[in-house]
Amino acid sequence: MESDEAAAASPQASGGTVTPTPKKRGRKPKSKEEESESGGKMKESSVGKMTKTKQSVDDKYSQWKGLVPILYDWLANHNLVWPSLSCRWGPQLDQATYKNRQRLYLSEQTDGSVPNTLVIANCEVVKPRVAAAEHISQFNEEARSPFVKKYKTIIHPGEVNRIRELPQNSKIIATHTDSPDVLIWDVDTQPNRHAVLGAASSRPDLILTGHQDNAEYALAMCPTEPFVLSGGKDKLVVLWSIQDHITTAGTDSKSSGSIIKQIGESGDKTESPSVGPRGVYQGHDDTVEDVAFSPTSAQEFCSVGDDSCLILWDARTGTSPVTKVEKAHDSDLHCVDWNPHDDNLILTGSADNSVRLYDRRNLTSNGVGTPIYKFEGHKAAVLCVQWSPDKASVFGSSAEDGLLNIWDYDRVSKKSDRAAKNPAGLFFQHAGHRDKVVDFHWNAADPWTIVSVSDDCETTGGGGTLQIWRMSDLIYRPEEEVLTELETFKSHVMTCASKP
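All figures in this text were calculated on a predicted structure; none of them were measured in a lab.

1. Some details on unusual backbone geometry
The bulk of non-glycine residues show a negative phi, and the bulk of peptide bonds are trans.
So, point 1. Here the phi dihedral of Arg129 falls at roughly 60 degrees; this positive angle occurs in a residue that is not glycine.
So, point 2. Among the secondary structure elements, Arg129 is positioned in the loop between strand S4 (117–126) and helix H4 (133–136).
So, point 3. The class for Arg129 is partly exposed, based on a relative accessible area of 48%.
So, point 4. A positive phi is found at Lys235, a non-glycine position, where the angle reads about 70 degrees.
So, point 5. Relative to the assigned elements, Lys235 resides in the loop between strand S11 (227–231) and strand S12 (236–241).
So, point 6. A residue is classified by how much of its surface remains accessible, and Lys235, at 37% relative accessible area, is partly exposed.

2. Points about the nonpolar core
So, point 1. Core analysis: the largest hydrophobic core is formed by 39 residues, its most contacted members being Tyr72, Leu104, Ile406, Leu466, Ile468 and Trp469.
So, point 2. Aside from chain neighbours lying at most four places away, what touches Trp469 is Tyr72, Trp74, Leu75, Leu404, Ile406, Phe428, His430, Trp448, Thr449, Ile450 and Ser452.

3. Some words on the pattern of salt bridges
So, point 1. Scanning the model with the defined rule gives 26 salt bridges in all.
So, point 2. Linking Asp330 and Arg356 is a salt bridge whose minimum nitrogen-to-oxygen distance equals 3.3 Å. Taken together, the residues span a long stretch of sequence, with Asp330 in the loop between strand S18 (323–325) and strand S19 (333–338) and Arg356 in strand S21 (residues 355–359) at a distance of 26 residues.
So, point 3. Judged by its relative accessible area of 60%, Asp330 falls in the exposed class.
So, point 4. A salt bridge links Arg477 to Asp473; the nearest nitrogen and oxygen atoms lie 3.2 Å apart.
So, point 5. Overall, Asp473 belongs to the buried group, its relative accessible area being 17%.
So, point 6. Overlapping salt bridges bring together Arg129, Asp473, Arg477, Glu481 and Glu485 as one network.

4. Topic: the state of the cysteines
So, point 1. Using the criterion set out here, one finds 0 disulfides in the structure.
So, point 2. Cys384 forms no disulfide, and the closest cysteine sulfur to it belongs to Cys335, at a distance of 6.1 Å.
So, point 3. For Cys384, a relative accessible area of 8% translates into the label buried.

5. Here we look at the environment of Asp186
So, point 1. One can find Asp186 in strand S8 (residues 182–186).
So, point 2. It is 6.7 Å that separates the C-alpha atoms of Asp186 and Ile173, two residues lying 13 residues apart in sequence.

6. Re the UniProt feature "repeat: WD" (unreviewed entry) in the protein
So, point 1. If you check UniProt for "repeat: WD" (unreviewed entry), the listed places come out as residues 281–323, 326–359 and 375–408 in our numbering.
So, point 2. Taken as a whole, residues 326–359 contains 0% helix and 50% strand, while its terminal C-alpha atoms sit 15 Å from one another.
So, point 3. Overall, residues 375–408 shows 0% helix and 53% strand. The separation of its end C-alpha atoms is 10 Å.

7. Quick look at the packing of aromatic side chains
So, point 1. Tallying each qualifying case throughout the model produces 18 aromatic pairs.
So, point 2. Look at Tyr72 and Trp469: their rings are 5.9 Å apart centre to centre, the planes differ by 80 degrees, and that puts the pair in the edge-to-face class. Placement of the pair is Tyr72 in strand S1 (residues 72–80) and Trp469 in strand S31 (residues 464–471), with a sequence separation of 397 residues. For the pair Tyr72 and Trp469, a shared accessibility class is recorded, and that class is buried.
So, point 3. Ring centres of Trp442 and Trp448 lie 5.8 Å apart, and the angle between their planes is 75 degrees; this geometry places the pair in the edge-to-face category.
So, point 4. On the basis of relative accessible area, Trp442 is assigned to the buried category, the value being 2%.

Scoring rules and cut-offs
Residues numbered from 1 in each chain as written. Predicted model: local features only at pLDDT ≥ 70, side-chain atom pairs only at ≥ 80, totals over all residues. Heavy atoms only, no water. Helix = DSSP H or I, 4+ residues; strand = E, 2+ residues; numbered from the N terminus. Buried < 20%, exposed > 50% of the residue type's maximum accessible area, 1.4 Å probe, protein only. Core = buried A, V, L, I, M, F, W, Y, C linked by side-chain atoms within 4.5 Å. Contact = heavy atoms within 4.5 Å. Salt bridge = Lys/Arg side-chain N within 4 Å of Asp/Glu carboxyl O. Disulfide = S-S within 2.5 Å. UniProt positions renumbered as here; feature names shortened; annotations may be inferred. Phe/Tyr/Trp six-rings, centres within 6.5 Å; stacked < 30°, edge-to-face > 60°.

So, in structure tokens, the structure goes:
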């Protein structure tokens, strides 16, 4: 164990720089080592501006860190030499008395001095009410967490912009990169690779074709059938079925061996098999930024884009929109999620800094979007929204302001919440990241546990931060239940408070 932790703590070496062309929501990545080396070359005005911003961020961060023992049941902080633009939970591997072991999918977005990688990690998730309060805030921001261990590295052809797992078997994942194709990986059977400059890319198990231009972010996998959905710069939404390419074991998360059907003896084993689209859907006027399946039907899905539109589709009725919501937001839409508990509710997040909640039974008025509610608690573009797998009214949103907000729609109408200074519905704010929170994922196997990643280019000089955290259950449990529990500790608290 000690040797593993020592290896995990050692920094990754970085060499020369070959920077790719920055994208709209991307950038030229730098490792923390490289940033520190080039820092002296910056202009004085830029340094002064950056120092002022860094002081402000550091002050807020110090304030948050002091509150960690009160606000959190558990928190693990993991330093990333290279930023990860996506993070997803994989299957739970085993359970023990005080913690569970689970797969975690990450990536390394490099500067070209080493290959871009898809990382499969093993994570130890401490169970509720196990971690000591005084321990969870005692972490070094520059260190790797002992709870997160790299298990396997896949050399990815291009940077990994988005990772999504197949709900029926989370050992199968899809990735987006800067190309028109969607790549499908069976992470168990992919060989472990050593990421060095010049190493050949790993071979995907399947390649999904059909886009006419790069598809970089919009990606979803269906909860009811092995379908994949994607959107891209070609303004198209593309649907695939990978049913015929998965063995019968592919829907069993406990299966071993390959779950992607292998090419026959006469096939070419040096190239990945490709799959054409089941359907191509036209209706957007600009880049499609995110897509989501209905939780109850593989034939129904939605998409959002830079045209400020939310579109609902039904594959059974053709390739044109069923409903097109014009001006769903006041700017580009970045993200969308469909409520797994109530298939009438859809969340959207935008560059206008807001999150909006739509009911698909009443989407528009005179052609313009009419959300049920607008959630306004971010100070920068919203990058990711996701409903809680545990409670129908709860969801999270992360943004370029470095915050991950947790909301409860049921609290919007409560008088006590309306009287507070906080935005209506906002009941928890995770402020542990010091730069834009590019992705997060609720843990379906461990409710109220979240993994989140930030791209730390602007504030900490490159790299990224991965955090796995669970807020105190005293925050989200019913008030009467919490007060009853606290009453049992009242005499002890009063005794402690009376001591000089």
